[in-house]
Amino acid sequence: MDRHLDYNILENNVLSWNLSGNHEILQELRQQYHSSRVKKRQFTGVGFYTDIVVPHIIPPLHHKYPVKKNFTIGLVGARPRSGNIAMEVGFVIFVKDGYLKMLEGYTYGDEPWPDDFLTYDIFYFSAKESDRMEDLNKEWKLGADTI
(Lines give C-alpha, C1' and ligand atoms only; values in the text may rest on other atoms or scores of the structure.)
Protein backbone atom coordinates (compact mmCIF):
# COMPACT_ATOMS: atom_id res chain seq x y z
CA MET A 1 0.00 0.00 0.00
CA ASP A 2 1.29 3.47 -0.88
CA ARG A 3 2.01 5.81 2.00
CA HIS A 4 0.49 9.24 1.48
CA LEU A 5 1.24 12.41 3.42
CA ASP A 6 -1.00 15.14 4.76
CA TYR A 7 -0.86 18.64 3.36
CA ASN A 8 1.19 21.15 5.31
CA ILE A 9 -0.29 24.49 6.43
CA LEU A 10 1.06 26.46 3.45
CA GLU A 11 -0.25 23.89 0.94
CA ASN A 12 -3.67 23.87 2.62
CA ASN A 13 -3.88 27.67 2.58
CA VAL A 14 -2.76 28.00 -1.04
CA LEU A 15 -5.14 25.29 -2.27
CA SER A 16 -8.04 26.74 -0.27
CA TRP A 17 -7.49 30.27 -1.59
CA ASN A 18 -7.04 29.15 -5.20
CA LEU A 19 -10.13 26.92 -5.11
CA SER A 20 -12.47 29.32 -3.31
CA GLY A 21 -15.58 30.57 -5.08
CA ASN A 22 -19.08 29.46 -6.01
CA HIS A 23 -18.40 28.16 -9.51
CA GLU A 24 -19.38 24.49 -9.89
CA ILE A 25 -15.96 23.57 -11.27
CA LEU A 26 -14.27 25.11 -8.23
CA GLN A 27 -16.69 23.17 -6.03
CA GLU A 28 -15.69 19.94 -7.82
CA LEU A 29 -12.01 20.77 -7.44
CA ARG A 30 -12.56 21.41 -3.72
CA GLN A 31 -14.16 17.95 -3.46
CA GLN A 32 -11.08 16.48 -5.12
CA TYR A 33 -8.83 18.47 -2.79
CA HIS A 34 -10.66 17.30 0.34
CA SER A 35 -10.42 13.67 -0.83
CA SER A 36 -6.78 13.89 -1.93
CA ARG A 37 -3.44 13.27 -0.29
CA VAL A 38 0.14 14.28 -0.95
CA LYS A 39 2.10 11.62 -2.82
CA LYS A 40 5.49 13.33 -2.47
CA ARG A 41 7.23 16.69 -2.10
CA GLN A 42 10.30 17.93 -3.88
CA PHE A 43 12.16 21.06 -2.80
CA THR A 44 14.23 22.75 -5.49
CA GLY A 45 15.91 25.54 -3.55
CA VAL A 46 13.81 28.14 -5.39
CA GLY A 47 10.46 26.49 -4.69
CA PHE A 48 8.75 23.14 -4.38
CA TYR A 49 6.57 20.60 -6.15
CA THR A 50 3.84 18.76 -4.27
CA ASP A 51 2.44 15.76 -6.13
CA ILE A 52 -1.25 15.19 -5.40
CA VAL A 53 -3.21 11.94 -5.57
CA VAL A 54 -7.00 12.04 -5.95
CA PRO A 55 -8.93 8.76 -5.57
CA HIS A 56 -10.38 7.82 -8.95
CA ILE A 57 -13.75 7.01 -7.40
CA ILE A 58 -14.28 10.73 -8.06
CA PRO A 59 -14.93 11.24 -11.78
CA PRO A 60 -12.54 13.52 -13.68
CA LEU A 61 -13.77 17.06 -14.32
CA HIS A 62 -14.06 16.67 -18.09
CA HIS A 63 -16.49 13.75 -17.63
CA LYS A 64 -18.92 16.06 -15.82
CA TYR A 65 -18.24 19.50 -17.35
CA PRO A 66 -17.19 20.86 -20.75
CA VAL A 67 -13.65 21.72 -19.66
CA LYS A 68 -10.14 20.92 -20.81
CA LYS A 69 -8.54 17.79 -19.41
CA ASN A 70 -5.39 19.75 -18.51
CA PHE A 71 -5.14 23.31 -17.20
CA THR A 72 -3.53 25.39 -14.48
CA ILE A 73 -4.78 27.67 -11.72
CA GLY A 74 -2.47 30.36 -10.38
CA LEU A 75 -4.49 33.03 -8.61
CA VAL A 76 -2.47 33.65 -5.44
CA GLY A 77 0.94 34.65 -4.19
CA ALA A 78 2.39 35.14 -0.72
CA ARG A 79 4.76 37.47 1.13
CA PRO A 80 6.76 36.37 4.15
CA ARG A 81 6.11 38.36 7.31
CA SER A 82 9.74 38.14 8.41
CA GLY A 83 13.09 38.24 6.67
CA ASN A 84 12.93 39.67 3.15
CA ILE A 85 9.51 41.31 3.37
CA ALA A 86 9.84 42.68 -0.17
CA MET A 87 9.94 39.12 -1.49
CA GLU A 88 6.92 37.51 -3.14
CA VAL A 89 6.37 33.89 -4.13
CA GLY A 90 3.78 32.42 -6.47
CA PHE A 91 1.87 29.16 -6.77
CA VAL A 92 0.36 27.13 -9.59
CA ILE A 93 -2.04 24.21 -9.34
CA PHE A 94 -1.84 21.73 -12.22
CA VAL A 95 -4.92 19.78 -13.27
CA LYS A 96 -4.09 16.78 -15.45
CA ASP A 97 -6.58 14.37 -17.01
CA GLY A 98 -9.33 16.06 -15.01
CA TYR A 99 -7.71 15.64 -11.59
CA LEU A 100 -5.66 17.82 -9.25
CA LYS A 101 -2.14 16.64 -9.95
CA MET A 102 0.46 19.03 -8.54
CA LEU A 103 1.00 22.24 -6.60
CA GLU A 104 4.08 24.26 -7.46
CA GLY A 105 5.50 27.03 -5.29
CA TYR A 106 8.12 29.28 -6.87
CA THR A 107 10.19 32.39 -6.36
CA TYR A 108 10.90 34.95 -9.04
CA GLY A 109 14.27 34.80 -10.77
CA ASP A 110 16.95 32.86 -8.92
CA GLU A 111 15.91 34.03 -5.47
CA PRO A 112 16.11 31.13 -3.00
CA TRP A 113 12.97 29.92 -1.25
CA PRO A 114 12.90 31.61 2.18
CA ASP A 115 14.07 29.41 5.05
CA ASP A 116 11.80 31.16 7.53
CA PHE A 117 8.60 30.94 5.49
CA LEU A 118 6.49 30.06 8.52
CA THR A 119 4.39 33.21 8.68
CA TYR A 120 3.14 34.84 5.51
CA ASP A 121 0.34 36.82 3.96
CA ILE A 122 -1.48 35.28 1.00
CA PHE A 123 -2.92 37.62 -1.62
CA TYR A 124 -4.83 37.36 -4.88
CA PHE A 125 -3.07 38.64 -8.00
CA SER A 126 -6.44 40.08 -9.12
CA ALA A 127 -8.32 41.88 -6.38
CA LYS A 128 -11.77 41.47 -7.96
CA GLU A 129 -13.40 38.04 -7.89
CA SER A 130 -14.97 38.68 -11.30
CA ASP A 131 -11.47 39.15 -12.79
CA ARG A 132 -10.30 35.91 -11.16
CA MET A 133 -13.29 34.03 -12.59
CA GLU A 134 -12.59 35.46 -16.04
CA ASP A 135 -8.99 34.22 -15.79
CA LEU A 136 -10.18 30.76 -14.72
CA ASN A 137 -12.76 30.54 -17.51
CA LYS A 138 -10.01 31.27 -20.04
CA GLU A 139 -7.86 28.53 -18.51
CA TRP A 140 -10.35 25.66 -18.40
CA LYS A 141 -12.72 26.51 -21.22
CA LEU A 142 -12.78 24.18 -24.20
CA GLY A 143 -11.46 25.74 -27.38
CA ALA A 144 -9.23 25.21 -30.38
CA ASP A 145 -6.28 24.35 -28.15
CA THR A 146 -8.11 21.58 -26.27
CA ILE A 147 -5.87 18.71 -25.34
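Residues numbered from 1 in each chain as written. Predicted model: local features only at pLDDT ≥ 70, side-chain atom pairs only at ≥ 80, totals over all residues. Heavy atoms only, no water.

1. Re the packing of aromatic side chains
Under the counting rule described, the total for this entry stands at nine aromatic pairs. Consider the rings of tryptophan 17 and tyrosine 124, whose centres lie 4.9 Å apart with planes at 35°: the pair is tilted. Of the two residues, tryptophan 17 is situated in helix α1 (residues 9–18) and tyrosine 124 in strand β7 (residues 120–124); the sequence distance between them amounts to 107 residues. Arranged with centres 5.5 Å apart and planes meeting at 85°, the rings of phenylalanine 123 and phenylalanine 125 form a pair that is edge-to-face. Residue phenylalanine 125 is classed as partly exposed on the basis of its relative accessible area of 39%. One aromatic cluster in this structure is built from Phe43, Phe48, Phe91 and Trp113. Just above the ring of phenylalanine 123 sits the side chain of arginine 79; from NZ or CZ to the centre is 4.0 Å. Looking at arginine 132, its charged tip hangs above the ring of tyrosine 124, at a distance of 3.7 Å from the centre. (Phe/Tyr/Trp six-rings, centres within 6.5 Å; stacked < 30°, edge-to-face > 60°. Helix = DSSP H or I, 4+ residues; strand = E, 2+ residues; numbered from the N terminus. Buried < 20%, exposed > 50% of the residue type's maximum accessible area, 1.4 Å probe, protein only. Lys NZ or Arg CZ within 6 Å of the ring centre and 35° of its normal.)

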